[in-house]
Amino acid sequence: MSDPTPDPSPRIQPPVTEGAEGFWEATRARRYVLQWCLDCEAPVSYPRVVCPGCLGARLEYRPASGRGTVYAVTVEHRPQNPAMRSLAPYAVALVDLEEGVRVLSNVVDCAPDDVTVGLAVAVTWEPLDDGRNLPLFRPAP
Ligand SMILES: [Zn+2]
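No experiment lies behind these values; they were computed from the predicted model shown.

Q: Please clarify how the overall build of the protein should be interpreted in this entry.
A: In terms of regular secondary structure, the protein is built from one helix and eight strands. Helices (α) and strands (β) of the protein occur, in sequence order from the N terminus, as α-β-β-β-β-β-β-β-β. Scaling as 2.2 N^0.38, a compact globule of 141 residues should have a C-alpha radius of gyration of about 14 Å, and the protein matches this with 16 Å. Judged by the C-alpha coordinates and their principal axes, the protein covers about 45 × 40 × 30 Å. Considering the protein as a whole, with its 141 residues, one finds that 19% of them fall into the buried category. Long-range contacts, defined here as pairs at least 24 residues apart, represent 53% of the contacts in the protein between residues at least 6 apart.

Structure (structure tokens):
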């Protein structure tokens, strides 16, 4: 029987920073979540322990659409990070999520030069060694 799990990522494993535990736990089930501030009802990204808008500490995770559009993109041909060299060339993009926050990620499953400003994208997952999954984006179906 073949193992349907793709090979683990060559990437450096992202650290779980303070306040981001809930985000990374959700990725184990490939659920894309965003932090929201209960005091000013704003989405917060990246995950942290206080809201950058009002400094409120009452934050919770909510399911997110995982959909957005490319705000800006560059193609990395010669990564400085040795762990990323086997993946080059690849697209690094700022993605505006439907919920109103902007995240930095990679757009995969297409030629890097096909990633353009305004491209509609949806989240996809790359497995990490410890059971977490790294959210990336791909052209939306
Ligand atoms: Zn707030």
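There's more to say after this.
Q: Mind showing me how you'd approach the sheet that holds strand E1 (residues 33-37) here?
A: By definition, the strands of a sheet pair up through backbone hydrogen bonds, in either a parallel or an antiparallel sense. Spatially, three strands are ordered E2-E1-E3 in an open sheet, and the strand pairing comes out antiparallel. Looking at which strands have only one partner, the edges of the open sheet turn out to be strand E2 (43-44) and strand E3 (59-63). As paired strands, E1 and E3 are joined by five bridges and run antiparallel to one another. Along E3, the bridge assignment pairs Val33 with Pro63.

Q: I keep staring at unusual backbone geometry and nothing clicks. Help me out?
A: Across residues other than glycine, the phi torsion is negative in most instances, and most of the peptide bonds are trans. A cis amide bond links Ser45 to the next residue, Tyr46, at an omega of 5°. Tracing the backbone through its elements, the reader meets Tyr46 in the loop between E2 and E3. Looking along the chain, the bond that leaves Ala88 and enters Pro89 is cis, with omega of -5°. Within the secondary structure, Pro89 is located in the loop between strand E4 (67-76) and strand E5 (90-97). For Leu55, which is not glycine, the phi dihedral falls at a positive 65°.

How each quantity is defined
- Residues numbered from 1 in each chain as written.
- Predicted model: local features only at pLDDT ≥ 70, side-chain atom pairs only at ≥ 80, totals over all residues.
- Helix = DSSP H or I, 4+ residues; strand = E, 2+ residues; numbered from the N terminus.
- Rg over C-alpha atoms; globule rule 2.2 N^0.38 Å.
- Buried ≥ 20, exposed ≤ 12 C-beta atoms within 10 Å, placed from the backbone.
- Contact = placed C-beta atoms within 7 Å.
- Pairing = 2+ DSSP bridges.

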